[in-house]
Amino acid sequence: MLGEIKGLNEECGVFAVWGHKEAAQITYYGLHSLQHRGQEGAGIVTSDEERLSIHKGLGLVTEAFKEGELDQLHGHASVGHVRYATAGGGGLDNCQPLMFRSQTDSLAIAHNGNLVNANGLKLELENQGSIFQSTSDTEVIAHLIKRSVYPNMEDKLSDALSMVQGAYALAIMTEEELLVAQDPNGLRPLSIGRLGDAYVVASETCAFDVIGAQYEREVQPGEIITFDRNGMHSKLYSTSAPRRMCSMEYVYFSRPDSNIDQINVHTARKNLGKKLAAESPVEADVVTGVPDSSISAAIGYAEETGIPYELGMIKNRYVGRTFIQPSQELREQGVKMKLSPVRGVVEGKRVVMVDDSIVRGTTSRRIVSMLKEAGATEVHVRIASPPITHPCFYGIDISTKSELIAASYSVEEMQDRMGADSLSFISIDGMLEGIGRSSQNSNCGQCLACFTGSYPTDIYEDTLHPHDKVVNG
Ligand code: SF4
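All figures in this text were calculated on a predicted structure; none of them were measured in a lab.

(A) Inspection of the overall build of the chain at higher detail. For the chain, the count of helices and strands is 18 helices and 23 strands. A burial count over the chain gives 58% of its 473 residues as buried. Partitioning the contacts of the chain with sequence separation of at least 6, the portion at a separation of at least 24 is 68%. With the model as given, the accessible surface of the chain reaches about 18,800 Å², and the carbon-plus-sulfur share is 47%.

(B) A look at the side chain of Ser296. Mapped onto the elements of the fold, Ser296 is located in helix H10 (residues 295-305). A relative accessible area of 7% means that Ser296 is categorised as buried.

(C) Quick peek at the site of the ligand. Close contacts around the ligand come from Arg188, Cys246, Ser247, Met248, Cys392, Tyr394, Ile396, Cys447, Ala449 and Cys450, and that covers them all. Taken together, the residues of the shell around the ligand break down into eight nonpolar, one polar and one charged.

(D) Fine view of the side chain of His111. By the element assignment, His111 lies in strand E6 (residues 106-112). A distance of 2.8 Å separates polar atoms of two side chains, one belonging to His111 and the other to Thr138. Among residues more than four places away in sequence, those in contact with His111 are Cys12, Val14, His81, Gln96, Asp137, Thr138, Ala167, Tyr168, Ala169 and Leu170.

(E) Looking closely at unusual backbone geometry. Along the chain, Gln96 connects to Pro97 via a cis peptide bond; the corresponding omega equals 5 degrees. Among the structural elements, Pro97 can be located in the loop between strand E4 (77-83) and strand E5 (98-101). Cis geometry is adopted by the peptide bond preceding Asp292, which originates at Pro291 and carries an omega value of -5 degrees. Within the element layout of this structure, Asp292 appears in the loop between strand E17 (286-289) and H10. Of note, the phi angle at Asp261 is positive, near 55 degrees, even though the residue is not glycine.

(F) Representation of the environment of Lys21 in the model. In this structure, Lys21 sits in the loop between strand E1 (12-18) and helix H2 (23-33). C-alpha separation for the pair Lys21 and Ala77, spaced 56 residues apart in sequence, amounts to 7.8 Å.

(G) View of the packing of aromatic side chains. In total, this model carries six aromatic pairs according to the counting rule given. With a centroid separation of 5.2 Å and 45 degrees between ring planes, the pair formed by Phe393 and Tyr455 is classed as tilted. Taken together, the residues Phe393 in the loop between strand E21 (378-383) and helix H14 (405-408) and Tyr455 in the loop between helix H17 (449-452) and helix H18 (466-472) connect sequence positions 62 residues apart. Classification of Tyr455 as buried rests on a relative accessible area of 18%. Among the aromatic residues, those joined into a ring-pair cluster are Tyr28, Tyr29 and Phe65. Of note, Lys122 hangs over the ring of Phe132, and the distance from its end group to the ring centre comes to 4.9 Å. The aromatic ring of Tyr199 is capped on one face by Arg194, whose charged end is 4.0 Å from the ring centroid.

(H) Summary view of the confidence of the model for the chain. Predicted confidence across the chain gives a mean pLDDT of 90, with 89% of residues reaching 70 or more. The low-confidence segment residues 466-473, where pLDDT is below 50, has eleven contacts with residues more than four positions distant or belonging to other chains.

(I) Fine view of H2. Of all eleven residues making up H2, eight are buried, and the element is well covered by its neighbours. For H2, every residue scored as buried is listed here: Ala23, Ala24, Ile26, Thr27, Tyr28, Gly30, Leu31 and Ser33.

(J) Up close: the UniProt feature "binding site: Mg(2+)" (unreviewed entry) in the chain. Feature annotation in UniProt assigns "binding site: Mg(2+)" (unreviewed entry) to the following positions: Ser293, Asp355 and Asp356. In three dimensions, the annotated residues from a span of 64 residues occupy one location, with a maximal C-alpha spread of 8.0 Å. By the element assignment, Asp355 lies in strand E20 (residues 350-355). Among the polar contacts made by the side chain of Asp355, one reaches the side chain of Ser294 at a distance of 3.0 Å. For Asp356, the position within the fold is in the loop between E20 and helix H13 (362-373).

(K) Local environment of the nonpolar core. Counting 47 residues, the largest nonpolar core has Met248, Val287, Tyr301, Val354, Ile388, Ile398 and Met431 as the members making the most contacts within it. Taken together, the elements giving at least two residues each to this core come down to strand E14 (245-246), helix H8 (247-253), helix H9 (265-279), H10, E20, helix H16 (428-435) and H17. Per-domain counts for this core show at least three residues from each of domain 1 (9-244) and domain 2 (264-455). Residues Ile109, Leu121, Ile141 and Ala160 belong to the second largest nonpolar core, which totals 26 residues.

(L) Molecular detail of the sheet that holds E20. Reading across from one edge, E17-E20-E21-E22 is the order of the four strands in this open sheet, with parallel pairing throughout. Both outer strands of the open sheet, E17 and strand E22 (422-425), are each paired with one neighbouring strand and no more. Neighbour-to-neighbour, the strand axes of this sheet turn through a mean angle of 20 degrees, independent of strand direction. Direction of pairing for E17 relative to E20: parallel, over a ladder of four bridges. Across the sheet, the residue bridging to Thr288 is Met353, located in E20. Where H13 meets the sheet, its contacts fall on E20 and E21, and the angle it forms with E20 comes to roughly 155 degrees. Contacts from helix H15 (residues 411-418) reach E21 and E22 within the one sheet, and its direction differs from that of E22 by about 130 degrees.

(M) Representation of the UniProt feature "active site" (unreviewed entry) in the chain in the model. Taking the UniProt record as the reference, the feature "active site" (unreviewed entry) is found at Cys12. For Cys12, a relative accessible area of 4% corresponds to the buried category. Those residues within four positions of Cys12 in sequence are excluded, and the remaining contacts are Arg37, His81, Val82, Arg83, Tyr84, His111, Asn112 and Ser203.

Reading the values: the criteria
- Within every chain, residues take consecutive numbers counted from 1 along the sequence as written.
- Residues qualify for local features only when their pLDDT is at least 70, as the model is predicted, and side-chain atom pairs are given and counted only at 80 or more; totals for whole chains, interfaces and linings, by contrast, use all residues.
- The basis for the side-chain values is all heavy atoms of the structure; hydrogens and waters are excluded.
- By definition, any uninterrupted DSSP run of H or I lasting at least four residues is a helix, any uninterrupted run of E lasting at least two residues is a strand, and each is numbered from the N terminus.
- Relative accessibility decides the category of a residue: with a 1.4 Å probe and only protein chains considered, values under 20% of the type maximum give buried, values over 50% give exposed, and everything between is partly exposed.
- Residue contacts follow a heavy-atom distance rule, with two residues in contact if any of their heavy atoms lie within 4.5 Å.
- Note on areas: Shrake-Rupley, 1.4 Å probe, and residue coverage restricted to the protein chains presented here.
- Working definition: residue near molecule or strand if any one of its non-hydrogen atoms lies within 4 Å of it.
- Side-chain classes follow a simple rule in which Ala, Val, Leu, Ile, Met, Phe, Trp, Tyr, Cys and Pro form the nonpolar group, Asp, Glu, Lys and Arg form the charged group, and the remainder, Gly included, forms the polar group.
- Under this definition, polar contacts are N or O atom pairs within 3.5 Å; protein pairs additionally need one hydrogen-donor-capable and one acceptor-capable atom, and for neighbouring residues in sequence, both atoms have to be side-chain atoms.
- Ring pairs are drawn from Phe, Tyr and Trp, using the six-membered ring of Trp, whenever the two centres fall within 6.5 Å, and their geometry is named by plane angle: stacked under 30 degrees, edge-to-face over 60, tilted for the rest.
- Throughout this description, the term charge over a ring refers to an Arg CZ or Lys NZ atom that lies within 6 Å of the ring centre and within 35 degrees of the ring normal.
- What pLDDT reports is the predictor's confidence in each residue, on a scale of 0 through 100.
- UniProt positions are given in the numbering used here, feature names are shortened, and annotations may be inferred rather than shown by experiment.
- Here, nonpolar core refers to any group of buried Ala, Val, Leu, Ile, Met, Phe, Trp, Tyr and Cys residues whose side-chain atoms link them within 4.5 Å.
- An automatic or database domain assignment supplies the residue ranges for each domain.
- Should DSSP find at least two bridges between two strands, the strands are taken to pair.
- Axis angles are defined between N-to-C directions and span 0 to 180 degrees, where every axis is a line fitted to C-alpha atoms and, for a helix, only to the segment in contact.

Here it is, written out as structure tokens:
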């Protein structure tokens, strides 16, 4: 995962099954294909209609579930989660699904996204006697459901969701039903598929392919879908907000074989590369992309310009999280564990290096110097997203403005700092058109907040990082 070195990390992945006797096994495979969305912990809760069973653990899905542990999870329904800790920190307590047992019933909840008013709500709930078992913002939703006076789960959930703000793609399960919901802006992807008579729900459609499920439809913004013994039924609990799908899902986070809103992610990325080439052409000998997420955009850039695409860099896939990383001194001596230039491709060449985004700028600087050390005569950096100038409060780990290079420096200054021969970013209109949205329509369907500072929800003082409070005023 390049995210770790880029400073841009994924959020989480949700997967759920309704009506299949091997619900836990299917969820395990589904979570495995969502592994790129979170590597810090994984969990599955199943229901056999009488009780919920849970297993969760730290690390990758294969580390969290050892031989035989899946066999302990019985039932026809399940909810699973892979976690990257953006709010509330790591640790097993914060691993999801979170599960709550009471005298009468139980509830499991898995959440992708981040609430912006969780701190205020938590304080209010604690003042009214609620005791929290985790520091995760997701638990706030569970407490609000528990406190709701409505008689059925669908109304309890819609009551709870009327109080929270932010990004959430949710899966909630009791002994008798499974509910999934999207926030009013639909900031995070969530799709429904069919596997024979069973229903499956996943953050990304790539999880359907691995289990042989057929895509059925997206969960709509502001929609709650309930699966119970009467089948599937839907309720719109909010219709007032415009769709604001996270643009970075297309640019960087989602797998290229996933479709979001029926737009294939690889195709969108390739189109971003084409738009970028049309907006910022340059004379060069080869085009290369930073593996893995920038390769589709690099192919698009090459196609549009006619400059050949080459494998100018390779990623070492076997650097695990537990690998002993070289010291700063060894790193400076050139011990680079993750990316290596392909000298035979770049030596003596003018190289266009396509990357999906720039966060801190340190990775781009390292890649430019690596390509030049390998003999590239010129390195032209082309970025397939606009400059990221504002933090994200919706579950992406770019929470402080001070760590964003584009918030402090002009494009020329960034180019100088990274030692590139030229640097260009795709425009916002170019990105929207590349994704397949209209840039002429004020309701473009995408969240652009980290590029523009215009957030689709209110942002509360206590959501801001101390460094940002002054800047955001
Ligand atoms: S602010 Fe940026 S990263 Fe966050 S949801 Fe919006 S587009 Fe995605």
